[in-house]
Amino acid sequence: MPDTTAILVAAGASRRMGFDKLSYRLPDGRTVLETSCAALAAHPAVRQVVLVAGANRPECERIAAACPKPCCVVDGGETRAYSVRNGLAAAEGALVAIHDAARPFVSRAVITAALEAAARTGAAAPAVPVKDTIKVAQGGRVVSTPDRAMLYAVQTPQCFSREKYRQALACVTGEQARQVTDDCSLFELAGMPVELTAGDYGNYKITTPDDLKKEKTMRIGHGYDVHRLVEDRKLILGGVEIPYEKGLLGHSDADVLLHAVMDAVLGAAALGDIGRHFPDTDPAYRGADSLALTRAVAALIREHGYAVGNIDATILCQKPKLAPYIEEMRRNIAAAFGVAADAVSVKATTEEHLGFTGEGLGIAAHAVALLES
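Each value, and the rule that gives it
Residues numbered from 1 in each chain as written. Predicted model: local features only at pLDDT ≥ 70, side-chain atom pairs only at ≥ 80, totals over all residues. Heavy atoms only, no water. Helix = DSSP H or I, 4+ residues; strand = E, 2+ residues; numbered from the N terminus. Buried < 20%, exposed > 50% of the residue type's maximum accessible area, 1.4 Å probe, protein only. Contact = heavy atoms within 4.5 Å. Lys, Arg positive; Asp, Glu negative; His and termini not counted. Charge placed at Lys NZ, Arg CZ, Asp CG, Glu CD. Core = buried A, V, L, I, M, F, W, Y, C linked by side-chain atoms within 4.5 Å. Pairing = 2+ DSSP bridges. Axes fitted to C-alpha atoms, helices over the stretch in contact; angles between N-to-C directions.

It is worth spelling out the overall build of the protein chain at this point. Broken down by element type, the protein chain carries 12 helices and 17 strands. Viewed in the frame of its principal axes, the protein chain has a C-alpha envelope of about 90 × 50 × 35 Å. Considering the protein chain as a whole, with its 373 residues, one finds that 45% of them fall into the buried category. Across the protein chain, the fraction of contacts at a sequence separation of at least 24, relative to all contacts at a separation of at least 6, is 70%. Between the averaged position of the 40 positive side-chain charges in the protein chain and that of its 44 negative side-chain charges there is a distance of 6 Å.

Next up, the structure:
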């Protein structure tokens, strides 16, 4: 495939959004603009990236400096068409992939299909069939109903031979140029064909606040912890003090269940583990209430845009019997994360006298957590 320059159009004013949508942070912590740039830069055919900037030029400069491919920033124009012209002037690739920066969820497959068709025909764009019946209206009244089988919603990146794009620009001037709504329409007005390739309904454009409601991810994490049983310590599991002759040894209250749950939740959010956030070398956490630490973890994941979907935990314990305390453990964990009790499962099992837990030397716990953005 010929060398490609990706042109990211990021000079819009976000008037319909009401705030700078490109600076909005997605659940993984990256902005919309960073995510879009990374998606195009990661494609093996892309050798150069051009960011077309508006008032966000300082942010574009920062992203360009961190880009793994050669990347430059140019100023946008009064309209999208003029912004693309400025980007094209800085492009060096034989192909150009012109992408709306507000489409951060574009996949490699969509990019590849459009580039391969553009390499073959000179002009291509991803598109998806329209799902709804479309009406042509005038003055609030239906005029006609076009055949839905012939209607497609066009996406980006729209990919072209750079030389053919220049030819199309030369053909469309004056009043006709004002009819250009996207790069495909430029080629249409120039009488040059554009091939449609397979798009993806997930490759939608963030235009209004409602579009952000579509953006939802789920993450799964696993946690495991184990503590030794010793005399002269309280036995605390799931924030419940359990009468027993021994307790768990640890820097904090050694609540092995909550430690596994916290590690599962932190792992799902890729935020490390409890040792990173509450190190046992810090005197502040000596004898700490693990239920309070769990509430701190809950606040941390909320700051990163996540909420707990559900938690499933298993305690490995030969003695004592835990069944009478399970429901209270569930309620404590649910309250800490602000979810309903039926979103938390806690189970206990013996090890049939096998291993260190089976011999009563310690207690272990596993936990799995599902996070939703």
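Here we take up the nonpolar core. One finds Leu237, Val265, Ile301, Met329, Ile333, Phe337 and Ile363 to be the most contacted residues of the largest nonpolar core, which totals 47 residues. Breaking this core down by element, the ones donating at least two residues are β12 (235–237), β13 (240–242), α8 (256–268), α10 (290–303), β15 (307–316), α11 (326–337), β16 (344–349) and β17 (362–372). No other element matches the 10 residues that α8 contributes to this core. Ranked by size, the runner-up nonpolar core spans 37 residues in total, among them Ala53, Cys60, Ala97 and Ile206.

Next up on the list: the sheet that holds β15. Taken in spatial order, the 5 strands make up an open sheet running β14-β11-β17-β15-β16, and their pairing is mixed. The sheet terminates laterally at β14 (247–248) and β16, the two strands that pair on one side only. The pairing of strand β11 (residues 218–230) with β17 spans 11 bridges and is antiparallel. Across the sheet, residue His227 finds its bridge partner in β17, namely Ile363. Docked against the sheet, α11 engages β15 and β16, running at close to 145° with respect to β16.

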